[in-house]
Amino acid sequence: MRLLDDEALQRSSVVANNAMNRERGLDGVNSYARDLGFHPLDRLRSRLAEHGAAAWLDLCCGQGRALAQAARHTPDGLELVGVDLVDHFDPQATGVDGLTLVTASVSQWQPDRTFDLITCVHGLHYVGDKLGVLARALTWLSPGGVFAAHLDLASIRLADGTPAAQPVRRLLREAGVAYDARRRIVTRTGPTVLDLPLEYAGADDRAGPNYTGQPAVDSYYRPLRTGTRPDPVPPPRRAVAVDDRGVRVEHEGTVFEVEWNDVHRASVSRLVVETADIDHVELTVDLVYGHYLTVLDSDVGFAAAVAEFARRSGRPAPDLSRLRPGHDDIELWQQDR
Ligand SMILES: C[S@@+](CC[C@H](N)C(=O)[O-])C[C@H]1O[C@@H](n2cnc3c(N)ncnc32)[C@H](O)[C@@H]1O
């Protein structure tokens, strides 16, 4: 596999693609509010009201239209910064009070302040070290600040080519970073240090179109056996039950009950992370509002729950002993759209 470094990647026609949608506005059909699932100004207004000032950083900001519209719609006190590799900024976004547009790669650029909102709308698809940018940006949040970025986990692979979606999703969750599999958005509230046992190896610009339909970049990582992460503590056992009311998970004395209306999808996968001594089958229940529940094959009621999801969709229960690690999950059930 031919892997590109950042310099070669930035010269690639996939990254310099003129057909990319760089024109999203703040709200409306082609917009940040639509693709993020929340209105950026809703996140900033409460902060403005409380502190009299708020700051929004938009990584891979494209033409900077969303930022320019935010600058026009909000009172003084809002500081806006947009960063993009290419200086195709909308003329209406340049020279706007409170808005700074920077031409730089998000892989190298470093701010000199923290932000109450950090977004990256369909930008990481073209970045080499996606997890590195994520880790750096999470340290730039102010306390209580919100981070939201599109991230297609299918574009993250281990250096031997194995898909790394499942291990990375699990590592993110353990680090307190949420992943909405439906919208393919990674979110976090408040700054954190993300110390994943993965080392960036390079990028592949020949991966083809991703879920957006545009050619995108796959990112390759080498698993690290050493790191600063503490040894994992085995999680206490959970209990799961699936019945006519919905899904019920009990964990350390707390009960999560989800009605069927709120269940989006159920799937099983095998997760192997050698560096963390993890090898198990897990049942993931994605909820319509983006959160998800996970139970392991060692948890109480696991096999019955898997069988019940399969029964409800009229599918045979999968043979879990044949699940191979690092491959796509097996869908058990999905809500009718
Ligand atoms: C699909 S566009 C999205 C633009 C904008 N967020 C929007 O939604 O309208 C992706 C953007 O990422 C930018 N980009 C790609 N690689 C980058 C990098 N390493 N650093 C900064 N920007 C990058 C591209 O120039 C492009 O403007």
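Residues numbered from 1 in each chain as written. Predicted model: local features only at pLDDT ≥ 70, side-chain atom pairs only at ≥ 80, totals over all residues. Heavy atoms only, no water.

Labelled according to an unreviewed UniProt entry, the protein chain appears under the name Methyltransferase family protein, originating from Catellatospora citrea.

Undergrad: Any chance you could break down the overall build of the protein chain for me, citing the residues and the numbers?
TA: Within the protein chain one finds 7 helices and 17 strands. Over its C-alpha trace the protein chain gives a radius of gyration of 21 Å, about what one expects of a compact globule, namely 20 Å for 337 residues. Summarising its shape, the C-alpha atoms of the protein chain cover approximately 60 × 45 × 40 Å along the three principal directions. Counting all 337 residues of the protein chain, 50% fall into the buried class. In the protein chain, 63% of the contacts between residues at least 6 apart in sequence involve partners at least 24 apart. (Helix = DSSP H or I, 4+ residues; strand = E, 2+ residues; numbered from the N terminus. Rg over C-alpha atoms; globule rule 2.2 N^0.38 Å. Buried < 20%, exposed > 50% of the residue type's maximum accessible area, 1.4 Å probe, protein only. Contact = heavy atoms within 4.5 Å.)

Undergrad: Lay out helix α5 (residues 130–138) in plain terms, naming residues and giving numbers.
TA: Think of an α-helix as turning once every 3.6 residues; residues three or four places apart then point the same way. With 7 of its 9 residues buried, α5 lies for the most part within the structure. Listed as buried for α5 are Lys 130, Leu 131, Val 133, Leu 134, Ala 135, Ala 137 and Leu 138.

Undergrad: How would you summarise the packing of aromatic side chains if you had to cite specific residues and measurements?
TA: For any pair of aromatic rings, geometry is given as the distance between the ring centres together with the angle between the planes. In total, this model carries 6 aromatic pairs according to the counting rule given. With 6.2 Å between their ring centres and 70° between their planes, Tyr 32 and Trp 56 make a pair best called edge-to-face. On the criterion of sequence distance, the pair formed by Tyr 32 in helix α2 (residues 32–36) and Trp 56 in strand β1 (residues 54–59) is long-range, its members being 24 residues apart. Given a relative accessible area of 4%, Tyr 32 falls into the buried group. Note on Trp 56: relative accessible area 0%, which makes it buried. (Phe/Tyr/Trp six-rings, centres within 6.5 Å; stacked < 30°, edge-to-face > 60°.)

Undergrad: Can you tell me about the domain arrangement of the protein chain, naming the residues and giving the values?
TA: Domains assigned within the protein chain are domain 1 (6–223) and domain 2 (238–334). Just the C-alpha atoms count here: the centres of domain 1 and domain 2 sit 30 Å apart. Residue-level contacts link 14 residues of domain 1 with 18 residues of domain 2. Summed over both sides, the interface of domain 1 with domain 2 buries roughly 1400 Å², with 54% coming from carbon and sulfur. (Domains from an automatic or database assignment. Buried area = accessible area lost by both parts, 1.4 Å probe.)

Undergrad: Explain the environment of Ala 165 to me, using residue names and the numbers behind them.
TA: Secondary-structure assignment places Ala 165 in helix α6 (residues 165–174). Not counting the four nearest positions on each side in its chain, Ala 165 is found in contact with Leu 153, Ala 154 and Ile 156.

Undergrad: I'd love a proper account of the pattern of salt bridges, names of residues and values included.
TA: Between side chains of opposite charge, a pair can form as their charged atoms come close. Under the criterion given, the structure shown has 24 salt bridges. One connected set of salt bridges, linked through shared partners, spans Asp 244, Glu 308, Arg 311 and Arg 312. (Salt bridge = Lys/Arg side-chain N within 4 Å of Asp/Glu carboxyl O.)

Undergrad: Tell me about the site of the ligand, and name the residues and values.
TA: Every one of the 20 residues lining the ligand counts as a neighbour, but Arg 22, Arg 24, Cys 60, Asp 84 and Val 106 are closest to it. Between an oxygen atom of the ligand and a main-chain N or O atom of Glu 23, the distance comes to 3.4 Å. Within the contact set of the ligand, an oxygen atom lies 2.6 Å away from a side-chain nitrogen or oxygen of Arg 24. Notes on the ligand: free accessible area 600 Å², of which the protein chains cover 98%. Counted by class, the shell around the ligand contains 12 nonpolar, 4 polar and 4 charged residues. (Near = heavy atom within 4 Å. Polar contact = N/O pair within 3.5 Å; in protein donor to acceptor, adjacent residues only side chain to side chain. Areas by Shrake-Rupley, 256 points an atom, 1.4 Å probe, with all protein chains shown as cover. Nonpolar A, V, L, I, M, F, W, Y, C, P; charged D, E, K, R; others polar.)

Undergrad: Could you give an account of the environment of Gly 314, naming the residues involved and the relevant values?
TA: Within the fold, Gly 314 resides in the loop between α7 (302–312) and β17 (330–334). Sequence separation between Gly 314 and Arg 72 is 242 residues; the distance between their C-alpha atoms is 53 Å.

Undergrad: So, the sheet that holds strand β11 (residues 238–243): which residues are in play, and what are the values?
TA: Taken in spatial order, the 3 strands line up as β11-β12-β13 in an open sheet, and their pairing is antiparallel. The open sheet has two free edges, formed respectively by β11 and β13 (254–259), since each of these has just one partner strand. With direction set aside, neighbouring strand axes in the sheet form an average angle of 10°. Relative to strand β12 (residues 246–251), β11 runs antiparallel, the two being bridged by 6 bridges. (Pairing = 2+ DSSP bridges. Axes fitted to C-alpha atoms, helices over the stretch in contact; angles between N-to-C directions.)

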